[in-house]
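# Observations on the model geometry
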Amino acid sequence: MRLRILSGLGVLAAAAILTGCDSEPETAKLPDTKAQAAAKLKAGKAAKVKAAAAVRANELGQIPVLMWHRIVPKPQTTDDRSPAQFRADLERLVREDYVPITAAELVAGKIDIPAGKHPVVLTFDDSSPSQLTLNEMGEVQKDTAVAILREVAAKHPGWKPKATFYVTRDMFGKTVREEQAQALLWLKDNGFEIGNHTRDHLNLRGRSKQEVEEQIGTIGKTISSLAYLNPTTIALPYGNQPTKKEWALKGKQYHHQGAFLAGYTPAPAPFSKSYDAAGIPRIKAMEKKGDCAQFCSEAWLDWLKKNPDMRYTSDGDVSTVAYPKYKAPYLRKSFTTWSLPY
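What comes next is a walk through the structure. (Residues numbered from 1 in each chain as written. Predicted model: local features only at pLDDT ≥ 70, side-chain atom pairs only at ≥ 80, totals over all residues. Heavy atoms only, no water.)

A few words now on the layout of surface pockets. Reported here for the largest pocket is a volume of approximately 260 Å³. Taken together, the residues of the lining of the largest pocket break down into 8 nonpolar, 5 polar and 6 charged. (1 Å grid on protein atoms, 1.4 Å probe; cavity = no way out; pocket = protein on both sides within 12 Å on 5 of 7 lines; lining within 4 Å. Points joined across faces, edges and corners; volume = space filled by probe spheres on them. Nonpolar A, V, L, I, M, F, W, Y, C, P; charged D, E, K, R; others polar.)

Structure below.
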């Protein structure tokens, strides 16, 4: 009996050594006081401010939303780009530290890119076969927009092939419902956004509310039935808003968070007072020629490069809106709690 008691005491002593001597005292496990919690919060914010200042973050800056149509070997209009031109467009964005986001991410303020980088939205209108064509094995056809996007992304780790495709009933040249569904589901499954571009690509300016809702709602319903999603954004044909711009955002069959135009400037950040969800500008992808000497992608990218204080630069933290203190008057009040001035 004595041996059993002693052995039991030995176990208890060993347990006391393990749980007592080598563990933190109970007082160390007490929750922080309010003062300690406040100090930690203040230190954390100070660290974020320092990090934002180090990369000169400006999340009230302008964002280029670039617009393409057809990607074809022999461009026939100024809206067309050759595969070589399109590759060059993308390679420039990589060199200048632009990172693609979708149109939906822009309008939601979900701009989750690395610190010091700049967001860019890549948009494609009219759902042309030159943007996406799948072969019989479901593989992307070479030299289409999607193929080139993935090719460039593969060369540059961390550069994601994100883009927004605004579709009409032409649906990448497909008329068979199953083929249309295959194309849309491929885009959805591979991280691309599918947006509304109206059923027939009609100019909505001057049309009745009923006509506007029919053009937007019917293609939205088609997209929903084929891809099991409701478009978050719309690109207005020819960049023209309806009589009441709100009609493009809300209708009986749809509810968009953003409506995109056709030109001619970079878009305000969604956190900026100048942001208008019903009229977000885009920039045509083209060199400095004619009107494009001032209003297309090459000209605007040159301007943003020369005026970095006007360009959106991320602090790398999607939960904050970082900017130099002198830009505070431009912040929308609804984002005050996200504010991180430095």
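There is more to say after this.
Attention shifts here to the side chain of S297. Counting through the fold element by element, S297 comes out in helix α9 (residues 297-306). Assessed through its relative accessible area of 6%, S297 is described here as buried. Within polar-contact distance, the side chain of S297 engages the backbone nitrogen of M286 at 2.9 Å. In contact with S297, other than residues within four places in its own chain, are L66, I283, K284, A285 and M286. (Helix = DSSP H or I, 4+ residues; strand = E, 2+ residues; numbered from the N terminus. Buried < 20%, exposed > 50% of the residue type's maximum accessible area, 1.4 Å probe, protein only. Polar contact = N/O pair within 3.5 Å; in protein donor to acceptor, adjacent residues only side chain to side chain. Contact = heavy atoms within 4.5 Å.)

So, on to α9. Three or more residues of α9 are buried, namely S297, A299, W300, L301, D302 and L304. Those residues of α9 that are buried lie in contact with β1 (65-68), α3 (83-95), β2 (98-101), β10 (283-284) and α8 (292-295).

As a further point, take the state of the cysteines. Scanning the entire structure with this criterion turns up 1 disulfide. Here C292 pairs with C296 through a disulfide, and the sulfurs are 1.9 Å apart. On the S-S bond that ties C292 to C296, the torsion sits near -45°, and the link is left-handed. Accessibility expressed as a relative area gives 2% for C296, which makes it buried. (Disulfide = S-S within 2.5 Å.)

Right, let's get into unusual backbone geometry. In this chain, G263 is followed by Y264 through a cis amide linkage whose omega measures 0°. Inspection of the secondary structure assignment puts Y264 in the loop between β9 (258-260) and β10. Phi is positive for M171, close to 50°, though the residue is something other than glycine. Locating M171 in the fold gives a position in the loop between β4 (164-167) and α6 (177-189). For M171, a relative accessible area of 0% translates into the label buried.

Where charged atoms from two side chains of opposite charge approach closely, those side chains can pair. Applying the stated criterion across every chain, the model contains 20 salt bridges. For D79, the salt bridge is made with K284, and the minimal N-O distance between the two is 3.4 Å. Placement of D79 in the loop between β1 and α3 and of K284 in strand β10 is noted, with a sequence separation of 205 residues between them. For K284, a relative accessible area of 17% corresponds to the buried category. K245 is the salt-bridge partner of D276, the closest N and O atoms lying 2.8 Å from each other. (Salt bridge = Lys/Arg side-chain N within 4 Å of Asp/Glu carboxyl O.)

Counting 43 residues, the largest nonpolar core has F86, L90, L122, F124, L132, L149 and L187 as its most contacted members. Looking at this core, the elements with two or more residues in it are β1, α3, β3 (118-125), α5 (145-155), β4, α6, α7 (209-227) and α9. Top element by residues in this core is α5. It accounts for 7 residues. Look past the residues within four positions of F86 in its chain and what remains in contact with it is W68, I71, F124, A145, I148 and L149. Listed in part, the 24 residues of the second largest apolar core include V99, V107, F260 and A267. (Core = buried A, V, L, I, M, F, W, Y, C linked by side-chain atoms within 4.5 Å.)

Limitation: the analysis is restricted to geometry and does not speak to function.
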